[in-house]
Amino acid sequence: MIRVTNSERGALACPQYWLLRYGLRLQSQRVGWALRVGTYWHELMDLVWVEGGAAARRKIQTDREAAQVALSRGFDPGCDAGLQAADQEALCDLVERMLRGYLATYGEKAALFWAGAGMGGASPETVWVEHVLEPQDMGPGAAHYTGKVDKLVRVNGALWIVEHKTTGRPLDEWWARNRNSPQPLTYAVCASRELGEPVRGVAYDVALTKPPATAGDFKLTQGGALSRRMPARATREALQLAIDAHGVEPQGWHADYLGQTDSEKALPALADMQAAAFRRELVVFDAYDLRRREAEMEVEAQQLQRWHDTLEPHLSKVTGTTESGSADWEQGVEDVLRSVGHKYPRNGTYCFHWNRACEMMTLCRTQRARGCVGLERRAVAHAELDDETTAQEGAT
């Protein structure tokens, strides 16, 4: 049985990327900063949801202390251990600041906020937290769809998916890009099959992580004052430049921020910036949405199954993984690409998708073992599912 997820579905846009990332299970050796922030934020949201804000604060403090201990041991800042400790401390600083504003906005038990957010006024009953969906059969000749749902709650008898998201883009831009994402509908179809009842919709819980820090990000209101709807992180210098450019006098938190010391300026109070840093929106599904998505999933699962089947006879050429310490897989990857790589054409449109180079670009271009530099091969393609069955599946 081949299992596929929404993230693998996204690779349908570039067959060559699918081959490298999901067929051959390659990925970058370095975990990107945005992914680290998003993963950490999800862990904190789970704690906030189940135990409250205090538990999330304790986790941050514990992780920060561990990073500080590592740094105190005299690691060279340029070595891997030193870089990891320094990055962890910076990560803790960022998410602590985000959490402070989040809890100030929604409360220590943030889950209760949803009671007044269009779900009917009742407190939500938690059904799932970080739940791996049962694989769903999408028909003859098709792979099985699965995934990991952040939260599933019941409010006034109706089921709602809760999706925590982080982004470095302006929230309005993020919303415009993701309002019609198929991900929650995919989860809704699978969850409805698993539980035998429909999912009413999705509640997006979005946090800003990487706001711009330029004077141009500060706008004037209709009244001629400097708007407080600014990015959640901005330098004092950028604020001063904006004030000078617009010819306005600093007021309120602007004046307070400018008066802070250099050591304080990296962590301005979020009390007056909450509206710019966080956003919650509900998307209600209708019957047509769900029927259409289920039909799309059947087509997608059939295509992904065909790709897996085409690749399967050639996988024996690739032995070992990064975890096993074997380097044999690099030459095996080249052998596979020479044999069957042409059956998975590249889509040049996605080489710089989201304004950054694809992690597979060098290997995609060279089709040689030397292109594997900076990549690693994993035992499974979907580590987020993290169950024994998936680990045994190998090819998924």
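Scroll up to find the structure this text is about.
So, here's what we can say about the structure. Small disclaimer: the values here were computed from a predicted structure and weren't measured.

1. What to know about the packing of helix α2 (residues 15–23) against helix α11 (residues 287–311)
Two numbers describe a pair of packed helices, the interaxial angle and the distance between the axes.
Move 1: In contact at an axis separation of 11 Å, α2 and α11 are set at 65° when each is read in the N-to-C sense. Accordingly, the angle class assigned to the pair α2 and α11 is roughly perpendicular. Here the hand of the crossing between α2 and α11 comes out right-handed. Where α2 abuts α11, its residues Pro15, Trp18, Leu19 and Gly23 lie against Leu304, Trp307, His308 and Leu311.
Move 2: Grouping the constituent residues of the contact of α2 with α11 by class yields 6 nonpolar, 2 polar and no charged.

2. A word on the pattern of salt bridges
Move 1: What the rule picks out here adds up to 17 salt bridges.
Move 2: For glutamate 96, the salt bridge is made with arginine 64, and the minimal N-O distance between the two is 3.0 Å. Taken as a pair, glutamate 96 in helix α5 (residues 80–106) and arginine 64 in helix α4 (residues 53–72) lie far apart in primary sequence, 32 residues in all.
Move 3: Using a relative accessible area of 28% as the deciding quantity, one classes glutamate 96 as partly exposed.
Move 4: On the accessibility criterion, arginine 64 (9% relative accessible area) is buried.
Move 5: Note that glutamate 296 is salt-bridged to arginine 293, the shortest N-O span being 3.0 Å. With glutamate 296 and arginine 293 both in helix α11 and 3 residues apart, the pair spans about one turn of that helix.
Move 6: The partly exposed category is assigned to glutamate 296, whose relative accessible area is 29%.
Move 7: With relative accessibility at 1%, the residue arginine 293 sits in the buried group.
Move 8: A single salt-bridge network, built from bridges that share partners, covers Arg292, Arg293, Glu296 and Glu300.

3. Structural notes on α2
Move 1: Of all the 9 residues making up α2, 8 are buried; the element is thus mostly covered by neighbouring parts of the structure.
Move 2: For α2, every residue scored as buried is listed here: Pro15, Gln16, Trp18, Leu19, Leu20, Arg21, Tyr22 and Gly23.
Move 3: The secondary structure elements touched by the buried residues of α2 are α1 (6–10), β2 (26–28), α11, α12 (328–340) and α13 (361–366).

4. Topic: the environment of valine 189
Move 1: Considering the arrangement of structural elements, one finds valine 189 in helix α7 (residues 183–195).
Move 2: Exposure remark for valine 189: the relative accessible area of 6% places this residue in the buried category.
Move 3: With near-sequence residues (within four places) excluded, valine 189 lies in contact with Leu290, Arg293, Glu294 and Met297.

5. Concerning the sheet that holds strand β8 (residues 199–208)
Move 1: Read from one edge of the open sheet, 5 strands run β3-β6-β7-β8-β9, paired in mixed fashion. Each end of this open sheet is capped by a strand with a single partner; those strands are β3 (125–132) and β9 (278–284). On average, each strand axis in the sheet is tilted by 25° relative to the strand beside it, whichever way the strands run.
Move 2: Examined bridge by bridge, β8 and β9 share 7 bridges and lie antiparallel to one another. Paired with alanine 203 across the strands is leucine 282, a residue of β9.
Move 3: Sheet strands touched by helix α3 (residues 33–50): β3, β6 (148–155), β7 (158–167) and β8. Its angle to β3, the strand with the most contacts, is close to 150°.

6. What to know about the side chain of glutamine 136
Move 1: Take glutamine 136: it is sitting in strand β4 (residues 136–137).
Move 2: Separated by 3.0 Å, the side chain of glutamine 136 and the backbone oxygen of glutamate 134 make a polar contact.
Move 3: For glutamine 136, the contacting residues outside a window of four places in its chain are Ala143, His144, Tyr145, Cys190, Arg193 and Glu194.

7. A look at the packing of α7 against α11
Move 1: At a closest axis distance of 9 Å, the pairing of α7 and α11 adopts a crossing angle of 95°. Taken together, the axis directions place α7 and α11 in an arrangement best described as roughly perpendicular. Facing α7, whose interface residues are Leu185, Thr186, Ala188, Val189, Cys190 and Arg193, α11 presents Asp289, Leu290, Arg293, Glu294 and Met297.
Move 2: Partitioning the contact of α7 with α11 into residue classes produces 6 nonpolar, 1 polar and 4 charged.

8. Points about the pairing of β6
Move 1: Along β6, 6 of the 8 residues are buried, which leaves the element largely enclosed by surrounding structure.
Move 2: The pairing of β3 with β6 spans 6 bridges and is classified as antiparallel. Across the sheet, glutamate 125 pairs through a bridge with arginine 154, a residue of β6.
Move 3: Bridge count between β6 and β7: 5 bridges; the pairing is antiparallel. If you follow valine 153 over to β7, its bridge partner there is tryptophan 160.
Move 4: Hairpin connection from β6 to β7: 2 residues lie between these consecutive antiparallel strands, with asparagine 156 at a positive phi of about 50°.

How each quantity is defined
Residues numbered from 1 in each chain as written. Predicted model: local features only at pLDDT ≥ 70, side-chain atom pairs only at ≥ 80, totals over all residues. Heavy atoms only, no water. Axes fitted to C-alpha atoms, helices over the stretch in contact; angles between N-to-C directions. Helix = DSSP H or I, 4+ residues; strand = E, 2+ residues; numbered from the N terminus. Parallel < 35°, antiparallel > 145°, perpendicular 65-115°, else oblique. Left-handed = near helix turned anticlockwise from the far one by under 90°. Contact = heavy atoms within 4.5 Å. Nonpolar A, V, L, I, M, F, W, Y, C, P; charged D, E, K, R; others polar. Salt bridge = Lys/Arg side-chain N within 4 Å of Asp/Glu carboxyl O. Buried < 20%, exposed > 50% of the residue type's maximum accessible area, 1.4 Å probe, protein only. Pairing = 2+ DSSP bridges. Polar contact = N/O pair within 3.5 Å; in protein donor to acceptor, adjacent residues only side chain to side chain.

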